[in-house]
Amino acid sequence: MNKMVILGIETSCDETSIGILKDGRIAANLVATQEKIHTPYGGVVPELASRAHLLYIDALFLKAMEKASIAPGDIDAIGVTNSPGLKGSLIIGVSFACGLATALGIPLYMVNHLYAHIASSFLDPEMSFPAVGLVVSGGHTTFFHMNGPVDFKVAGETVDDACGETFDKVGRMLGLDFPGGPNVEREALKGDENRIRFPVPLLSPGSLDFSFSGLKTSVLYYSRKNGPGRNVADICAGFQKAVGDVLEEKARRALVKYRPRSMIVGGGVIQNGYIRNRLRKVASEKGVRLFIPPVDLCMDNGAMVALMTYFLAVAGAPPSPKKISVIPT
Ligand code: KG4
Ligand code: ZN
């Protein structure tokens, strides 16, 4: 990786983040999370998210430059998430990036948020293509087949709810705080995953698409009928096991179909230790190298955007016009 200094900006949902890539390593990756703002509402409130991005972004940029020991004039290129995400949130990051790139006279790259999640593993020298990528986040559950770092072909995706969204909805049904994912995982650790069996939706044989809404509804009906009460830990464990069964089996199908050298996973749900282990199991069964980013690179962050930007620049992708263009979900 060459000596470019790249600024990555992420504001697609409820984390404001600035990452800086310098001398081939992540020199800063600051995240201002909005969890406390949205928790009382049980989900992300788009208007509050946009306002918080606006409030945090300047200070975060200054702090990130200080952390990386750089001045604005040192930045060679800027990358910003412009899709997919909440429109009002994307606009804050994209406006900031357009203004900065114009003022500094440097190239600007619009970055796809899902590609950036996968790019978190591109710094690993052991990574090689062809690869299967899997993003499991609050808004997406998507497989990619990849022959290079800027070659993303969608190989499967959810037909209804995203996996993280399902964790959040199940958490809410059981009275757990938003975001449900980490709280469901914590409860599941105390439960018996085999006591309550929930359906494992696999769709047609060989399909790499996902469907989580039926599983979510089963958890709802079970909790209504039996009352979550003392069952919360067992419900969480049973639900998490069903998700693990789905992700493991779909990953197995993808590895059989594409026979890749690497499998790269990313996105907020990949912070879940149980899910990480299920994916490790299938990768080792199929003899494929699995790349899982450290936890701080699984959640939404600016460094992953800076990394994707670097690979776009190196691949010769044309910089984007410096005008506000966002593609919401
Ligand atoms: O990638 P991300 O930070 O934002 C999106 O791009 O959506 O993912 C956020 C999602 C939320 O749904 C959250 O509940 C889920 O990741 N999540 C988890 C865990 N930590 C975060 N899901 C399951 N287990 C976790 N430990
Ligand atoms: Zn994300």
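A few points on the structure. (Residues numbered from 1 in each chain as written. Chains lettered and ligands numbered in written order. Predicted model: local features only at pLDDT ≥ 70, side-chain atom pairs only at ≥ 80, totals over all residues. Heavy atoms only, no water.)

Regarding unusual backbone geometry
Definition in use: Secondary structure elements are taken from DSSP: a helix is a run of H or I of four residues or more, a strand is a run of E of two residues or more, and numbering for both begins at the N terminus. A simple rule labels every residue: compare its accessible area, found with a 1.4 Å probe on the protein chains alone, to the largest value its type can have, and call it buried under 20%, exposed over 50%, or partly exposed in between.
For the peptide bond that leads from Ser-83 to Pro-84, omega is -15 degrees, which places it in the cis range. The phi torsion at Asp-23 lies on the positive side, around 50 degrees, for a residue other than glycine. Tracing the chain through its elements places Asp-23 in the loop between β2 (15-22) and β3 (25-33). With phi around 45 degrees, Arg-259 is a residue other than glycine that occupies positive phi space. Judged by its relative accessible area of 69%, Arg-259 is exposed.

Structural notes on the pairing of strand β6 (residues 131-136)
Basically, it comes down to this: At least two bridges found by DSSP between two strands are what make those strands a pair.
Most of β6 is tucked away, with 6 of its 6 residues classed as buried. Burial along β6 is two-sided: Ala-131, Gly-133 and Val-135 and Val-132, Leu-134 and Val-136, pointing in opposite directions, are all buried. Direction of pairing for β6 relative to strand β7 (residues 141-148): antiparallel, over a ladder of 6 bridges. When the bridges of β7 are listed, Val-132 appears paired with His-145. Between the end of β6 and the start of β7, which pair antiparallel, lie 4 residues. Where β6 lies against strand β9 (residues 262-266), 5 bridges are found, and the strand directions are parallel. Residue Val-135 lies in a different strand from β9, and its bridge partner there is Gly-266.

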